Amino acid sequence: MSPLLITRDDDVVTWTLNQPQTRNAISDEAMIDALVAAVEAVNRDPSVRVVILTGAGSAFSAGGNVKDMAARTGLFAGAAHEQRTGYRLAIQRIPRAMDTLEVPVIAAVNGPAVGAGCDLALMCDLRIASPSAFFAESFVKLGLIPGDGGAWFLPRVVGAARAAEMALTGDRVDAATALEWGIVSQVVPEDGLADAARRLADRIAVNPPVAVRMTKKLLRESSRQSLDQLLELSAAMQGIAHQTEDHHEAVAAFLDKRPGRYRGR
């Protein structure tokens, strides 16, 4: 059974974490390889406009496999220097890959998102959740730290104070609080989560895809560049955008008061 189910409907791709027996733990090599390969495949395919990421079963992702931690196997085996190398060459490949994903990705959080699973949701551009979802930056509860980049992602989503509260207590943040804190933009009924994620994806996918990809890039770069640097990048990207067929089609559609027909050119 594949650890990651990949389906496609028109220009929207859905990734489903598919290890419900481990509550979709993402610390094993097969899952890491599958997620990295999925990112690479989307980046090679200009016809993909949006990705939806969700979990099979009752959990979004439990993060690290605690049974493997107890057995000191897989990612959690070896001496300190070996584990350091293991983290860099294993689970840290996920945030590095997700940071390169060119199209917007929506996390449809269908249940608990715990530890590295919480961080995986935070790596996405948008998050929506069912009422049963909760988020827990829970590493400290196991005497660990966010080894997958959570200390970088979490403050950028919830701010420094709430990031400190989540990371230092390890406590759960329920769906309603996640909405209040801006972790998610919507909380929808369990049986409507997939449809809500698709409606959001369609609202993005209807726009010119080159502009969408470049806008995502600018939003990501805004957190790590100065204003002057971002303005320079924006000017360069805008010059490219003005030359695209989709820009000319968008202007014509606006003036004609009709929907645009975009081909990603």
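All values derive from a computational prediction rather than experimental measurement.

J.: Please provide a residue-by-residue account of the sheet that holds strand β7 (residues 134–136), values included.
T.: The strand order β5-β7-β8 describes an open sheet built from 3 strands, whose pairing is mixed. Every interior strand has two partners, whereas the edge strands, β5 (112–114) and β8 (172–174), have only one. Taking each pair of neighbouring strands and ignoring which way they run, the sheet shows an average axis angle of 15°. As defined by bridge partners, β7 adjoins β8 across 3 bridges and the pair is classed as antiparallel.

J.: For the domain arrangement of the chain, give the residues involved together with the corresponding values.
T.: Domains assigned within the chain are domain 1 (4–205) and domain 2 (207–256). Between the C-alpha centres of domain 1 and domain 2 there is a distance of 27 Å. Each side of the interface is counted separately: domain 1 has 21 residues, and domain 2 has 8 residues. Surface buried jointly by domain 1 and domain 2 totals about 1,100 Å² across both partners, of which 36% is contributed by carbon and sulfur atoms. Of all residues in domain 1, the largest losses of buried area upon contact with domain 2 belong to R49, D99 and E102, amounting jointly to 34% of the total for that side. Counting across the interface, domain 1 meets domain 2 through 5 salt bridges. Notably, a salt bridge pairs E102 with R213, separated by 2.8 Å at the nearest N-O pair. At the boundary of domain 1 with domain 2, the tally comes to 13 residue pairs in polar contact (both at pLDDT 80 or more).

J.: Could you give me a rundown of the sheet that holds strand β9 (residues 186–187), with the residues and numbers involved?
T.: One open sheet accounts for 6 strands, arranged β1-β2-β3-β4-β6-β9; its pairing is mixed. Each edge of the open sheet is held by one strand with a lone partner, namely β1 (4–9) and β9. In the sheet, strand β6 (residues 126–129) pairs with β9 via 2 bridges, with the strands oriented parallel. From the neighbouring strand, A129 faces β9, where its bridge partner is V187. Here helix α1 (residues 29–43) sits on the sheet in contact with β1, β2 (12–17) and β3 (50–55), set at roughly 175° to β2.

J.: I'd like a description of the packing of aromatic side chains, backed by residues and values.
T.: For the coordinates displayed, the defined rule picks out 1 aromatic pair. Taking the centre distance of 5.2 Å and the plane angle of 80° together, the rings of W152 and F153 count as edge-to-face. Given a relative accessible area of 33%, W152 falls into the partly exposed group. Relative accessible area serves as the criterion here: at 9%, F153 is assigned to the buried category.

J.: Let's hear about the environment of Q21: which residues, and what values?
T.: Among the structural elements, Q21 can be located in the loop between β2 and α1. Q21 sits in the exposed class, given a relative accessible area of 56%. Sequence separation between Q21 and G57 is 36 residues, and the spatial gap between their C-alpha atoms is 8.6 Å.

J.: Please provide a residue-by-residue account of the side chain of R127, values included.
T.: Examined against the element boundaries, R127 turns out to sit in strand β6. A distance of 2.8 Å separates a polar side-chain atom of R127 from the backbone oxygen of C124. When residues no more than four places from it in sequence are discounted, the contact partners of R127 are A107, A121, L122, V157, I183, V184, S185 and Q186.

Parameters and conventions
Residues numbered from 1 in each chain as written. Predicted model: local features only at pLDDT ≥ 70, side-chain atom pairs only at ≥ 80, totals over all residues. Heavy atoms only, no water. Pairing = 2+ DSSP bridges. Helix = DSSP H or I, 4+ residues; strand = E, 2+ residues; numbered from the N terminus. Axes fitted to C-alpha atoms, helices over the stretch in contact; angles between N-to-C directions. Domains from an automatic or database assignment. Contact = heavy atoms within 4.5 Å. Buried area = accessible area lost by both parts, 1.4 Å probe. Salt bridge = Lys/Arg side-chain N within 4 Å of Asp/Glu carboxyl O. Polar contact = N/O pair within 3.5 Å; in protein donor to acceptor, adjacent residues only side chain to side chain. Phe/Tyr/Trp six-rings, centres within 6.5 Å; stacked < 30°, edge-to-face > 60°. Buried < 20%, exposed > 50% of the residue type's maximum accessible area, 1.4 Å probe, protein only.

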